[in-house]
Amino acid sequence: MAQEKKFVEEITSMNEDFAQWYTDVVKKSELVDYSSVRGCMIIRPYGYAIWENIQRELDRRFKETGHENVYMPLFIPEGLLQKEKDHVEGFAPEVAWVTHGGQEQLTERLCVRPTSETLFCDHYKNVIQSYRDLPKLYNQWCSVVRWEKTTRPFLRTLEFLWQEGHTAHATAEEAQEETIRMLNVYADFCEEFLAIPVIKGKKTNKEKFAGAQETYTIESLMHDGKALQSGTSHNFGDGFARAFGIQYTDRDNQLKYVHQTSWGMSTRIIGALIMVHGDDSGLVLPPKVAPIQLVIIPVQQHREGVLEKAYELMNRLKGKVRVKIDDSDKMPGWKFSEYEMKGVPLRLEIGPKDIEKNQVVLVRRDNREKLFVSMDELEEKVLQALDTVQRSLYEKALEMREKKTFTARNFEEFSEIIEKTPGFIKAMWCGKRECEDNIKEKTGATARCIPFQQEKISDKCVCCGEKAETMVYWAKAY
RNA sequence: CGGGAUGUGGCGCAGCUGGUAGCGCGCGUGGUUUGGGACCAUGAGGCCGCAGGUUCAAGUCCUGUCAUCCCGACCA
């Protein structure tokens, strides 16, 4: 790794300046462009293709678990937004308001949705009457707006794309099951599709969603040792139902409140994809999510038969893998770097020497390993290689996370880890908000989650030293 | 919202004590090249972020404003 030649000079190296590396990568790989609107980004075709793959796969998993897609309005009347107290308070500082329609001032301001709980609730109130109407398992794909102070491509923008699931159930038990079911959908999706290992757990009261009874989360760890909340699933209990009057008549002819959940994943996950797998040459995409899984680079393409052969190979692979051929008259070396920067998992080189030997050269993006493959076994070997890359990316990411996961028994250990080797810290917590605040203030780290998989690090709270039974993952976070 | 930095062809930059804009890369065309970012020739492209002001004269000085990046406080 150390003496590996750096092929691409356009990207700042990760160790030198991680933030700059990130910006270089998203720009140079053509995922996004900055727009003339402050805090908003243009998602370019290559970036949007990644999002489309994420959408397709998530949507499939949502449908598989019985959900239906709907579309809610972009605007929320002020009165509607204010119905649930905690919810408004949580979002108030970051909503954008529409005050005028054309020349005329509106009698009631409209908020540009920062999330759609209130709209779903307002609708559920109208369409739910009987226990026979339940459950309602809705999801919507849309964009939302949150007026953030500082922004970064994918990680935090004023407008971002996401999906938000909103469900209503007859009982608290069903709502809880749904909350966990969808958390698991997210976790499996991240691990299997994006090759990103995640920690599943519950948020502390301080960190939970405005208006939720419980918030569950999957947390992943980036290359710089910062954590990124990669998906959340909330159990609302009947809090929103009471605020909005969503009641149904049960079998026993009693009026009861519904129990609700919501869950979301956003384009932010693309930021995780970049920061978990990327390296100094640019993006590294797991094959399952990569818009281009294999790029064919003809070498000495002016020579007779080379291009023909390259196209023949492409046609054989079409339909089996997402394949692209680059027959532009750029130098082969230029093309190599270009597609590495874009994170294409597999490259196929084909030139006169290969044709002579009836072979092609396959090069893995993740470790640049070269495989010489007989043309007769092309399809099989390509699929095999993609599979290998997918799995080894997951393993590498897991290894990275484990290397950056530490345990702290007391505050001194905790501070030292945060300073010297940023990453996840497993430490005991007494459950008090003051300790969370204290840790945040003194170290910058926050409670990422109370993991389902508990371990006993010690008996005492890492902060106050009093009796503790809960182990918490802490980290600095995006 | 505080602290710092930066806005000049598509990108990266130069432009001193004011005198009307230049370099590299990229781009177009023709040719030679092609196994890790080729070369020659030739050509196109800029009211210097925006708005005021000072001046005979502003990319350069002054004021304001907008945007971007980095570091902190708040959030997916």
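Nothing here was measured: the structure is a model prediction, and the numbers come from that model.

Thresholds, definitions, all that
- Residues numbered from 1 in each chain as written.
- Chains lettered and ligands numbered in written order.
- Predicted model: local features only at pLDDT ≥ 70, side-chain atom pairs only at ≥ 80, totals over all residues.
- Heavy atoms only, no water.
- Patch = residues over 30% accessible without salt bridge, like charges linked within 9 Å, V, L, I, M, F, W, Y side chains within 5 Å.
- Areas by Shrake-Rupley, 256 points an atom, 1.4 Å probe, with all protein chains shown as cover.
- Salt bridge = Lys/Arg side-chain N within 4 Å of Asp/Glu carboxyl O.
- Helix = DSSP H or I, 4+ residues; strand = E, 2+ residues; numbered from the N terminus.
- Domains from an automatic or database assignment.
- Contact = heavy atoms within 4.5 Å.
- Buried area = accessible area lost by both parts, 1.4 Å probe.
- Polar contact = N/O pair within 3.5 Å; in protein donor to acceptor, adjacent residues only side chain to side chain.
- Pairing = 2+ DSSP bridges.
- Axes fitted to C-alpha atoms, helices over the stretch in contact; angles between N-to-C directions.
- Near = heavy atom within 4 Å.
- Phe/Tyr/Trp six-rings, centres within 6.5 Å; stacked < 30°, edge-to-face > 60°.
- Buried < 20%, exposed > 50% of the residue type's maximum accessible area, 1.4 Å probe, protein only.

Asker: Sorry if this is basic, but what is going on with a nonpolar patch on the surface here?
Answerer: A cluster of nonpolar side chains, Y71, L74 and F75, forms an exposed patch at the surface whose accessible area comes to about 300 Å². By the element assignment, L74 lies in the loop between β3 (68-69) and β4 (75-77).

Asker: In this structure, what is going on with the domain arrangement of chain A? I would like to understand it.
Answerer: Quite often, the size of an interface is put as the accessible area lost when its parts meet. Along its sequence, chain A is carved into domain 1 (18-277), domain 2 (294-389) and domain 3 (405-475). Each of domain 1 and domain 3 has a C-alpha centre, and the two are 28 Å apart. Counting residues at the interface gives 19 residues for domain 1 and 16 residues for domain 3. Summed over both sides, the interface between domain 1 and domain 3 buries roughly 1500 Å², with carbon and sulfur atoms accounting for 66% of that surface. Of all residues in domain 1, the largest losses of buried area upon contact with domain 3 belong to I199, T204 and K206, amounting jointly to 37% of the total for that side. At the boundary of domain 1 with domain 3, the tally comes to two salt bridges. Here K206 and D437 are joined by a salt bridge, their closest N and O atoms 2.9 Å apart. Remark: the boundary between domain 1 and domain 3 carries seven residue pairs in polar contact (both at pLDDT 80 or more). Of all the elements in the fold, those that place two or more residues in the side of domain 1 that touches domain 3 are α6 (172-193), β9 (199-202), β10 (214-221) and β11 (227-237).

Asker: Explain the sheet that holds strand β23 (residues 470-475) to me, please; I cannot follow it from the model alone.
Answerer: Spatial strand order, β3-β7-β8-β14-β11-β10-β9-β22-β23-β21-β20: eleven strands in an open sheet with mixed pairing. Where the open sheet ends on each side, the last strands, each with one partner, are β3 and β20 (405-407). Relative to strand β14 (residues 259-266), strand β8 (residues 159-169) is paired through eight bridges, and the arrangement is antiparallel. Bridging across to β14, A168 finds its partner in Q260. Against the sheet, α6 touches β7 (136-145), β8, β9, β10, β11 and β14, its axis set at about 10° to β14.

Asker: Looking at this structure, how should I read the protein's contact with RNA strand B?
Answerer: By nearness alone, 46 residues border RNA strand B, and R156, Q229, R268, W334 and D354 come closest of all. Taking all atoms of RNA strand B within 4 Å of the protein, the share assigned to sugar and phosphate is 40%. Q229 has a polar side-chain atom sitting 2.4 Å from a sugar or linking oxygen of RNA strand B. The contact in question runs from a base nitrogen of RNA strand B to an N or O atom on the side chain of E349, over 2.9 Å.

Asker: Could you clarify how one ought to interpret the sheet that holds strand β6 (residues 104-112) in this entry?
Answerer: The pairing of strands in a sheet comes from backbone hydrogen bonds and takes either a parallel or an antiparallel form. Here three strands make up an open sheet; going across it, the order is β4-β6-β5 and the pairing antiparallel. In the strand order of this sheet, the two ends are held by β4 and β5 (96-101), each with one partner. Taken pair by pair, the neighbouring strands of this sheet meet at an average axis angle of 45°, ignoring direction. Sheet topology note: the β5/β6 ladder contains five bridges and is antiparallel. Across the sheet, the residue bridging to H100 is Q105, located in β6.

Asker: I would appreciate a short explanation of the packing of aromatic side chains in the present structure.
Answerer: Counted under the stated rule, the structure contains 18 aromatic pairs. Relative to Y186, the ring of F62 has its centre 6.4 Å away and its plane inclined at 80°; by these criteria the two rings are edge-to-face. Taken together, the positions of F62 in helix α2 (residues 45-64) and Y186 in helix α6 put the pair 124 residues apart, joining distant regions of the chain. Here F62 and Y186 have matching classes, each one buried. Where F414 meets W474, the ring centres are 5.9 Å apart and the plane angle is 80°; that geometry is what we call edge-to-face. Placement of F414 in helix α13 (residues 411-420) and of W474 in strand β23 is noted, with a sequence separation of 60 residues between them. Given the relative accessible area of 0%, F414 is considered buried. A residue is classified by how much of its surface remains accessible, and W474, at 0% relative accessible area, is buried.

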